[in-house]
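Read off the chains here:
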Amino acid sequence: MKEKIRKCYFNRLKFHKLLNGYRQFDPTRGTHYILDLVLIDNMKTEYIKRTELMRPLGLVEMIPMPFVTETTKLFLILPIHSDERSLAIRFLHFVNKTLFDRETRDKFELLLTHIVTTKQEYSQSQKWFDELRQQVDLIRQIRTQITITYHTYLLPSTTIPRYAQSIYLLEFFQMKLRTNSLIFLTNPYVDIDSDFLNRCRLNVIEHTQIFFPIAFYQYHPKIIARTQPITNNSTIELHKSHGWFNAYAFDHVGLHMSDYIQLKKLVQQLNLTFTNQNLYDLFVQLSDLHVLRAPDQSLRVHYHSIQCDSLLQSNTIEYNRCLAQREKGLASRSQLAMVIIEDEQGLNSSTKKK
């Protein structure tokens, strides 16, 4: 940049400082920059000049990948905490319309997994499943080809944060599923569209690649309704005023059980512990597998409040991620500004009436 300035102004002006900068990345072209530069002459007089730069992408390299197929059987693990039964019922109603008509027992199995923290909850788990069984029985009257199973998992500790529970779930299912099983782990707040499962089958490659899709998270419905009418509360519209792609969450993961087992061996060899660890961070730090991380519009998560409690403070990274989700997941900046302005106007009008 300094060399360009020298040639353009024949040493009459020199770079002094950067005033403003704008950067935009285009995956097809490269990175586009707009810079406001402060230049000075020999008399120390300042001049503001705007310049545009383009940093093109490097050469595209074709990487050979192992063959994968859309016929691979996928095990969808749905962890359900005791206070999330109604969410699981809503999840069943949605996937009955989007997934179940396309899947068969040879290609798909849904594992409803009740997460409990006490022995008392564990003893009552079969009764807890009764309402879910009623819904599943109704679905099976039409979708006879679908396999849905019930499981109960007692967490070894009540202090395990939710971001670390995926590791314990995989440990639980290691003895129940085959080593080469393809798994997708998610949560009951999600809506899954019909094309997602095949994309998961193609993006997860055993011993080569795991898949952490970035889901579209809904903003607070009441704030959305104040700025834009919502026609249907049961679905999430893919629009910038309705939500955001939450890159701070790692609740959704597709992988083969064999790759998790290999990761566990690495953890044991290094004398590390799974306690309060994020599965994504462990794969990035310890494994040679490629981690595919990309936005996916077929995963849409309903709004729910995020609690950043004391359990998270022992892990600074996770605590900061939680705070970022809580801050950005309420609404966009423009929507929040509109709400504040409307509330202030309403307060002023009521004050004048008094």
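Residues numbered from 1 in each chain as written. Predicted model: local features only at pLDDT ≥ 70, side-chain atom pairs only at ≥ 80, totals over all residues. Heavy atoms only, no water.

## Here's the deal with the state of the cysteines
Then, number 1: Counting across every chain of the model gives 1 disulfide.
Then, number 2: A sulfur-sulfur distance of 2.1 Å marks the disulfide that ties Cys 308 to Cys 322. Because the sign of the S-S torsion sets the handedness, a value of about -100° for the bond joining Cys 308 and Cys 322 places this disulfide among the left-handed ones. Note that Cys 308 is positioned in the loop between strand S14 (295-301) and helix H11 (316-328) and Cys 322 in helix H11, a separation of 14 residues in sequence. (Disulfide = S-S within 2.5 Å. Helix = DSSP H or I, 4+ residues; strand = E, 2+ residues; numbered from the N terminus.)

## Quick word on the packing of helix H9 (residues 257-269) against helix H10 (residues 279-286)
Then, number 1: Their axes nearest at 11 Å, the elements H9 and H10 cross at an angle of 70°. As judged from the angle between their axes, H9 and H10 are roughly perpendicular. From H9, Asp 259, Tyr 260, Leu 263, Leu 266 and Val 267 reach across to H10, where they touch Leu 279, Leu 282, Phe 283 and Leu 286.
Then, number 2: A per-class count over the contact of H9 with H10 returns 8 nonpolar, no polar and 1 charged. (Axes fitted to C-alpha atoms, helices over the stretch in contact; angles between N-to-C directions. Parallel < 35°, antiparallel > 145°, perpendicular 65-115°, else oblique. Contact = heavy atoms within 4.5 Å. Nonpolar A, V, L, I, M, F, W, Y, C, P; charged D, E, K, R; others polar.)

## Some points on the sheet that holds strand S1 (residues 14-26)
Within a sheet, neighbouring strands are paired by backbone hydrogen bonds and run either parallel or antiparallel to one another.
Then, number 1: One open sheet accounts for 3 strands, arranged S1-S2-S3; its pairing is antiparallel. Each of the sheet's edge strands pairs with one partner strand only, and the pair in question is S1 and strand S3 (46-56). Neighbour-to-neighbour, the strand axes of the sheet open up by a mean angle of 20°, direction not taken into account.
Then, number 2: Relative to S3, strand S2 (residues 30-40) runs antiparallel, the two sharing 11 bridges. When the bridges of S3 are listed, Gly 30 appears paired with Pro 56.
Then, number 3: Contacts from helix H1 (residues 2-9) reach S1, S2 and S3, with the element oriented near 55° to S2. (Pairing = 2+ DSSP bridges.)

## Focus on the pairing of S2
Then, number 1: The buried fraction of S2 is high, at 9 of 11 residues.
Then, number 2: Of the pairings in the sheet, the one linking S1 to S2 comprises 11 bridges and is antiparallel in character. Along S2, the bridge assignment pairs Asp 26 with Gly 30.
Then, number 3: Joining the antiparallel neighbours S1 and S2 is a turn of 3 residues.
Then, number 4: Following S2, the chain reverses through 5 residues before pairing antiparallel with S3; Lys 44 in that reversal takes a positive phi of roughly 65°. (Buried < 20%, exposed > 50% of the residue type's maximum accessible area, 1.4 Å probe, protein only.)

## Observations concerning the pairing of strand S5 (residues 108-116)
Then, number 1: Counting buried residues along S5, 9 of its 9 residues qualify, which places the element largely inside the surrounding structure.
Then, number 2: Of the strand pairs in this sheet, strand S4 (residues 74-81) and S5 are connected by 8 bridges, and their pairing is parallel. Bridging across to S5, Leu 76 finds its partner in Leu 110.
Then, number 3: For the crossover from S4 across helix H2 (residues 85-98) to S5, the handedness is right-handed.
Then, number 4: In the sheet, S5 pairs with strand S6 (residues 147-154) via 8 bridges, with the strands oriented parallel. Counterpart to Leu 110 in the pairing with S6 is Ile 148. (Right-handed = clockwise from strand over helix to strand, strands pointing away.)

## Describing the sheet that holds S14
Then, number 1: The strand order S8-S14-S10-S11 describes an open sheet built from 4 strands, whose pairing is mixed. Edge positions in the sheet fall to strand S8 (190-192) and strand S11 (243-245), since each has one partner strand and no second. For this sheet the average axis-to-axis angle between neighbouring strands, irrespective of direction, equals 35°.

## Digging into the layout of surface pockets
Then, number 1: There is about 1,000 Å³ of room inside the largest pocket.
Then, number 2: In terms of lining, the largest pocket is formed by 39 residues, of which the most central are His 81, Pro 161, Arg 162, Tyr 163 and Asp 251.
Then, number 3: Counting residues per element, the ones that place at least two in the lining of the largest pocket are S4, helix H6 (165-174) and H11.
Then, number 4: Among the elements that line the lining of the largest pocket, the one with the most residues is H11, at 4 residues.
Then, number 5: When grouped by side-chain class, the residues that make up the lining of the largest pocket number 19 nonpolar, 13 polar and 7 charged.
Then, number 6: Surrounding the second largest pocket, 15 residues form its lining, Tyr 303, His 304, Ile 306, Gln 325 and Gly 329 being those nearest its centre.
Then, number 7: Secondary structure elements with two or more residues in the lining of the second largest pocket: strand S10 (214-218) and H11. (1 Å grid on protein atoms, 1.4 Å probe; cavity = no way out; pocket = protein on both sides within 12 Å on 5 of 7 lines; lining within 4 Å. Points joined across faces, edges and corners; volume = space filled by probe spheres on them.)

Any functional reading would require information that these geometric values do not contain.
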